Amino acid sequence: MAVTVADPGPGTPHQRARTRRFPPAWLLRTAAACASGFAFYLSFAPRPLWWLAPLAFAGLALVLRGRRFRAGFGYGFAFGFVFFLPLLTWLLDFLGPDFGPWPWLGLSFALALYHGLAGGLITLVSRLPAAPLWAALVFIALETPRAWFPFGGFPWGRVAFSQPEGAFLPLASIGGAPLVGLAVVLTGFAPAALAARLWRVRKITRPAAFAALGTLLPVVAGLALWPAIGTDAQDGERTVATVQGNAPDIGLALQGERTVLRDNTIAESQRLLADIRAGKVPKPDLLVWPESATTVTGPDLQVDQLVATFGVPALIGAIYRLPDGHLQNSVITWDPRTGPGARYAKQQLVPFGEYVPARKLAELVTPFLDSETVDMVPGDGTNQAMAAAGTRIGVFVCYEAAFDYPARDAVRDGAELLVVPTNNAWYGESEMSVQQLAMSRLRAVEHGRAVVVSAVSGVSAIVAPDGTVTSSTGLFTADSLVGRVPLRTQTTLSDQLGAWTEYGLLALAIAGVAGGLVLRFRTRRSSAGTAAGEAAD
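Scoring rules and cut-offs
Once a new chain begins, its residue numbering starts again from 1 and follows that chain's sequence as written. Reporting in this predicted model follows two pLDDT cut-offs: at least 70 for local features of residues, and 80 or more for side-chain atom pairs to be given and counted; totals over whole chains, interfaces and linings ignore these cut-offs and use all residues. Just so you know, side-chain values use all the structure's heavy atoms and leave hydrogens and water out. Secondary structure follows DSSP: runs of H or I at least 4 residues long count as helices, runs of E at least 2 residues long count as strands, and numbering of each begins at the N terminus. Expected helix span is taken as 1.5 Å per residue step, with the number of steps being one fewer than the number of residues. Relative accessibility thresholds used throughout: buried, under 20% of the residue-type maximum; exposed, over 50%; partly exposed, between the two (1.4 Å probe, protein chains only). Buried residues of nine kinds, namely Ala, Val, Leu, Ile, Met, Phe, Trp, Tyr and Cys, make up a nonpolar core once their side-chain atoms join them within 4.5 Å. Here a residue-residue contact requires only that any non-hydrogen atoms of the pair lie within 4.5 Å. One speaks of a salt bridge when a side-chain nitrogen belonging to Lys or Arg is within 4 Å of a carboxyl oxygen belonging to Asp or Glu.

## Describing unusual backbone geometry
Residue Pro46 follows Ala45 across a cis peptide bond; omega there is 15 degrees. Cis geometry is found at the peptide bond from Phe149 to Pro150, where omega equals 5 degrees. Examined against the element boundaries, Pro150 turns out to sit in the loop between α8 (143–146) and α9 (172–201). In this model, Asn383 sits at a positive phi of 60 degrees, which is unusual for a non-glycine residue.

## Some thoughts on helix α15 (residues 432–447)
When the terminal C-alpha atoms of α15 are compared, their 23 Å separation across 16 residues agrees well with the 22 Å that a helix rising 1.5 Å per residue should span. Among the 16 residues in α15, 15 count as buried, and that is most of the element. Gly448 sits one or two positions beyond α15 and adopts a positive phi of about 65 degrees.

## Some thoughts on the nonpolar core
Counting 93 residues, the largest nonpolar core has Phe40, Phe57, Leu88, Phe139, Trp156 and Phe189 as the members making the most contacts within it. The element that contributes the greatest number of residues to this core is α9, accounting for eleven residues. Setting aside residues up to four positions removed in sequence, Phe57 forms contacts with Phe40, Phe79, Phe139, Val159, Val184, Val185, Gly188 and Phe189. Within the second largest apolar cluster, 21 residues are counted, among which are Val240, Leu286, Leu417 and Ala450.

## Structural notes on the pattern of salt bridges
Summed over the entire model, instances satisfying the criterion amount to 15 salt bridges. We note a salt bridge from Glu446 to Arg443, for which the minimum N-O separation is 2.7 Å. Taken together, the positions of Glu446 and Arg443, both in helix α15 and three residues apart, correspond to about one turn of that helix. Like Glu446, the residue Arg443 is buried in the burial classification.

Okay, here's the thing in structure tokens:
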């Protein structure tokens, strides 16, 4: 009697054992996605490794190649989670040990979901003509809802913020942060597609030629635009002084140290005044105080006297008490003769820092909320550009540097110079301050304006309209900067297009995903019809 033995499969037992011991493909892809995400993190300040960002996206593109939606979501999430974890470690300094790591882990997880969704949707557009472009559009498009949700949006870690210098930065003057981000991602996705196609077909085809074009065009366009970045003064120049009084490195406990911030800022202002009188530094045309350097509840004779002694207008970062008792994070113009004048109130408040969303739920998990903890009131955009020192000065405060509209609105309102008061003392010696400075450098090129960053504890900086840092301070030191800045009136194409660039890219991404779904549906119907015909035969 014949006995049938199950086929053990191809290969010798030794070969099969080696195959079983080798890591499964999904594990290798996950490791590659994580390595790419960490490389993307390394492209951010304080490291001047802007060129790592396209390489990171090339790695992600290779991982996603040939995958389905669910796998793409998983690999995209792994890329994002490994990226956001080190990028946001400053949250641990901000919240301190009482909260533990859970807010940091939770926010990193939530933001990584956007990258996961991008990875999944990229698999839907992978069969379209010019697939690398559609994939890049999808990735950048998902940065738009991230600026809306959760808790009013958190655009930290946008692709463009990894590019405060380098080949792609000039593109900010054309299409702002969205166009810079698109160029970076496309420059990563395109060579990955080119390499994969050449490996498979070993010849130059039309898709391969497009991938080569997608690799070169963003870099060439960015480099070609460098000579067009204007830095010359169009309405004169101003000498600006910014005061960094320093603060204790104590995170959330800084809430109770407002008197210390005020005293330190006044002390550093007096040291600066002494240097001016001694001829060590030139007399400024404008004095700038950082965010929340003092609290204003009514007449302030001490600030009045200090500004009068300088004899020049000042921009005073202050917590301002409204008549109804609520507080606004404000910047106040202060005249040496007439005292306080126009006031800008911060519009984009920091969730859980300046207001508490879902307060009832938050009270269950935080020891810091009680009946005396009140939310700040956001501003309505009034006085986005204020007159001082004979010029129009656009102001956006700290966290607002991550959002496109505050600086853009200020320039459209006539701002010739941008000033960014900030208080990063909450975040200790982390990378948060230099990450935020990178955003201000991008805004300088985006709007063709010099930018003065005035920080409580650093990093304060004077940034030229081409994004170059002409002078800066260190972290957690009392210091001052005095520098000459050009006043510019010309608006960039980015300002003229406004949000249309972002929404246009978003619309194209949606169209691409829709096209990918239609193509996939037709392919499945065609395959089903072919299978049915073969079965009938």
